[in-house]
Amino acid sequence: IFTERVIMVKARKYVVKRHFQGVPKKDDFELVEYELPQLKPGHFSVKTEWISIDPYFRAYNYGTPTPYDQFGYQVGTITQSKHRDFPVGCRVVTHKGWCDYSVVTNLKETYSNVQILPDLHGLPVELVLGALGMSGVTAYFGFLEICKPKAGDTVVVSGAAGAVGSIVGQIAKIKGCRVIGFAGSDDKVQWLEKELGFDKAINYKTADVSKALKDAAPKGVDCYFDNVGGELTAAIYSQMNLYGRVSLCGCISSYNEDPTTYKTTSLLPLILFKQLKVEGFLVPRWLEPENRMPEAIAALAQWIKQGKIKTRSHVTEGFDKLYDAFVGMLAGENTGKAVVKVS
Ligand code: NDP
């Protein structure tokens, strides 16, 4: 007689109780404990190892309804399985929110398919949440397909020392561009110039931004990869060249503002008279209907192995530190990709 061993697993998950107002507060979150449901055929359970810390989690205050508990993606190991293609011990990337255990019941999740960890050629596993995952794919397509850089172009990147920006700048160097990055501390500036090979990095918090950019790019800016928006972006637009290209990836400087009270900066005349091409994008456009992720990951992995792209993870240890890691990232504590190591 076959008897099934029933394993009860206690799981924890942070859920957002209410929309954030300004900087997210600790008591906007609630830690919920519950027993994982028993697996049915086709289901499997995953123990989280690493959780990605992302600005979009803050940005999704916009739009309704907001299924916060599905935001946040992670890499983990399958601990129980009733799915023959997803055996115990296999590592997967899932979109299950901030949880330490989860059950996958549907391979097509809200934001992406459950993905078996690709061959990382010995590179650290957490890179699937950064340079070999969403941040890398965002940088790769968002820069190459929207800015369409040419060798010799002057490229500016804001949020340059972050997960996406640091990859964009290095891809621009690979493509033969002159690269200028803006970041929020002298340590980040040092890292960009000394280790990543940016031609110039500027601390936007302490520099006279317009003057520093004029000195660094006397012939003007051809491509701008924008991660932050706001006043910095306005200063950069004013030094764009005719027919410049702007890839609008993010506007983190506005995410803590109330979207109903947005200020509009008068960028339209600059866009008009310089005949700029400005294009906002969301990375899923390169994942559906055709999934072009493997193309980007293959190129990025090769560049990493060749030493042409350097990566850095900003690791916070412990499931109970998720909130601190999140607000720390929003405040600029991370250099490179912010991740939480759960186990
Ligand atoms: P980062 O690793 O860059 O972390 C966020 C960084 O933003 C902080 O380290 C901080 O760096 C900077 N920052 C915070 N507040 C401000 C501010 N007021 N002005 C300027 N900089 C600020 O995050 P990601 O690389 O994951 O994301 C970068 C951007 O790309 C975000 O806007 C994000 O929303 C966007 N994004 C968009 C995607 C898309 O599909 N379009 C996909 C992924 C990300 P510093 O010390 O330099 O201030």
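Everything below is about the structure printed above this text.
Residues numbered from 1 in each chain as written. Predicted model: local features only at pLDDT ≥ 70, side-chain atom pairs only at ≥ 80, totals over all residues. Heavy atoms only, no water.

J.: Got a minute to help me understand the overall build of the protein chain in this structure?
T.: Helices and strands together make up the secondary structure of the protein chain, namely nine helices and 16 strands. Relative to the 2.2 N^0.38 estimate, which gives 20 Å for 343 residues, the radius of gyration of the protein chain is 21 Å and therefore close to what a compact globule would have. On the principal axes, the C-alpha backbone points of the protein chain span a range of 80 × 45 × 35 Å. Here the protein chain has roughly 16200 Å² of accessible surface; of this, 54% comes from carbon and sulfur atoms. (Helix = DSSP H or I, 4+ residues; strand = E, 2+ residues; numbered from the N terminus. Rg over C-alpha atoms; globule rule 2.2 N^0.38 Å. Areas by Shrake-Rupley, 256 points an atom, 1.4 Å probe, with all protein chains shown as cover.)

J.: Got a minute to help me understand the packing of helix 2 (residues 134-144) against helix 3 (residues 163-174) in this structure?
T.: Relative placement of two packed helices is described by the angle separating their axes and the distance separating the axes. Look at helix 2 against helix 3: their axes get within 8 Å of each other, and the N-to-C directions meet at 45°. When the interaxial angle is binned, helix 2 and helix 3 end up oblique. When you trace helix 2 past helix 3, the crossing you get is right-handed. Along the contact surface, helix 2 presents Ser-135, Thr-138, Ala-139, Tyr-140, Phe-143 and Leu-144, while helix 3 presents Ala-163, Val-164, Ile-167, Val-168, Ile-171 and Ala-172. (Axes fitted to C-alpha atoms, helices over the stretch in contact; angles between N-to-C directions. Parallel < 35°, antiparallel > 145°, perpendicular 65-115°, else oblique. Left-handed = near helix turned anticlockwise from the far one by under 90°. Contact = heavy atoms within 4.5 Å.)

J.: What is the right way to look at the pairing of strand 11 (residues 200-203) in this model?
T.: Bridge analysis of strand 10 (residues 178-183) against strand 11 gives four bridges, and the strand direction is parallel. Opposite Ala-183, over in strand 11, you have Asn-203 as the bridge partner. With respect to chirality, the unit in which strand 10 leads through helix 4 (residues 186-195) into the neighbouring parallel strand 11 is right-handed. (Pairing = 2+ DSSP bridges. Right-handed = clockwise from strand over helix to strand, strands pointing away.)

J.: I'm lost on the packing of aromatic side chains in this one. Help?
T.: If you walk through the whole model with that rule in mind, you get 19 aromatic pairs. Relative to Trp-98, the ring of Tyr-14 lies with its centre 6.1 Å away and its plane at 80°, an arrangement referred to as edge-to-face. Residue Tyr-14 is found in strand 1 (residues 10-16), and its partner Trp-98 is found in strand 6 (residues 98-99); the two are separated by 84 residues along the sequence. Relative to Phe-319, the ring of Tyr-14 has its centre 5.2 Å away and its plane inclined at 40°; by these criteria the two rings are tilted. Taken together, the residues Tyr-14 in strand 1 and Phe-319 in the loop between strand 15 (313-317) and helix 9 (322-330) connect sequence positions 305 residues apart. A residue is classified by how much of its surface remains accessible, and Phe-319, at 4% relative accessible area, is buried. Through a chain of ring-to-ring contacts, the aromatic side chains of Tyr-14, Phe-20, Phe-29, Phe-57, Trp-98, Phe-319, Tyr-323 and Phe-326 assemble into a single cluster. Above the face of the Trp-191 ring, Arg-312 is positioned so that its terminal group lies 5.3 Å from the ring centre. (Phe/Tyr/Trp six-rings, centres within 6.5 Å; stacked < 30°, edge-to-face > 60°. Buried < 20%, exposed > 50% of the residue type's maximum accessible area, 1.4 Å probe, protein only. Lys NZ or Arg CZ within 6 Å of the ring centre and 35° of its normal.)

J.: Help me understand the sheet that holds strand 13 (residues 240-248) in this model?
T.: The strands making up a sheet associate through hydrogen bonds between their backbones, and the pairing can be parallel or antiparallel. Taken in spatial order, the six strands of this open sheet run 11-10-9-12-13-14, and their pairing is parallel. Both edges of this open sheet fall to strand 11 and strand 14 (277-280), since each of them pairs with a single strand only. Averaged over all adjacent pairs, the angle separating strand axes in this sheet is 15°, with direction ignored. Here helix 3 sits on the sheet in contact with strand 9 (154-157), strand 10 and strand 12 (221-226), set at roughly 170° to strand 9.

J.: What is the right way to look at the nonpolar core in this model?
T.: Taken as a class, soluble globular proteins show a tendency for nonpolar side chains to be buried jointly. Leu-132, Tyr-140, Phe-143, Ile-171, Leu-192 and Leu-300 are the most contacted members of the largest nonpolar core, which has 56 residues in total. Elements that contribute at least two residues to this core include exactly helix 2, strand 9, helix 3, strand 10, helix 4, strand 12 and helix 8 (293-305). In this view, Leu-192 contacts Ala-160, Ala-161, Ala-183, Gly-197, Phe-198 and Ala-201; residues no more than four positions away in its chain are not counted. Core analysis: the second largest hydrophobic core is formed by 21 residues, Leu-213, Val-228, Tyr-237 and Leu-276 among them. (Core = buried A, V, L, I, M, F, W, Y, C linked by side-chain atoms within 4.5 Å.)

J.: Looking at this structure, I do not really get the site of the ligand. What am I missing?
T.: The environment of the ligand is made up of 25 residues, and the closest members are Val-164, Lys-188, Tyr-204, Val-283 and Asn-334. Residue Tyr-255 places a side-chain N or O atom 2.8 Å away from an oxygen atom belonging to the ligand. Counting residues per element, the ones that place at least two in the shell around the ligand are helix 3 and helix 9. The class makeup of the residues in the shell around the ligand is 15 nonpolar, nine polar and one charged. (Near = heavy atom within 4 Å. Polar contact = N/O pair within 3.5 Å; in protein donor to acceptor, adjacent residues only side chain to side chain. Nonpolar A, V, L, I, M, F, W, Y, C, P; charged D, E, K, R; others polar.)

J.: What am I meant to see in unusual backbone geometry here?
T.: Backbone phi values are negative for most residues with the exception of glycine, while trans is the configuration of most peptide bonds. Of note, the amide linkage connecting Glu-288 to Pro-289 takes the cis form, showing an omega dihedral of 0°. For Pro-289, the location among the structural elements is in the loop between strand 14 and helix 8. Of note, Lys-148 is a non-glycine position whose phi angle comes to about 45°, a positive value. On the secondary structure map, Lys-148 appears in the loop between helix 2 and strand 9. For Gln-275, which is not glycine, the phi torsion reads 55° and is therefore positive. Relative to the assigned elements, Gln-275 resides in the loop between helix 7 (268-273) and strand 14. We classify Gln-275 as partly exposed; its relative accessible area is 44%.

J.: Before we go on, may I ask you to explain the environment of Ser-81 in this structure?
T.: Secondary-structure assignment places Ser-81 in strand 4 (residues 74-81). Sequence separation between Ser-81 and Ser-45 is 36 residues; the distance between their C-alpha atoms is 6.4 Å. Here His-83 takes part through its backbone nitrogen, which lies 3.0 Å from a polar atom of the side chain of Ser-81. Only 2.6 Å separates the side chain of Ser-81 from the backbone oxygen of Phe-86, close enough to count as a polar contact.

As far as function goes, none of this settles anything; it's purely spatial.
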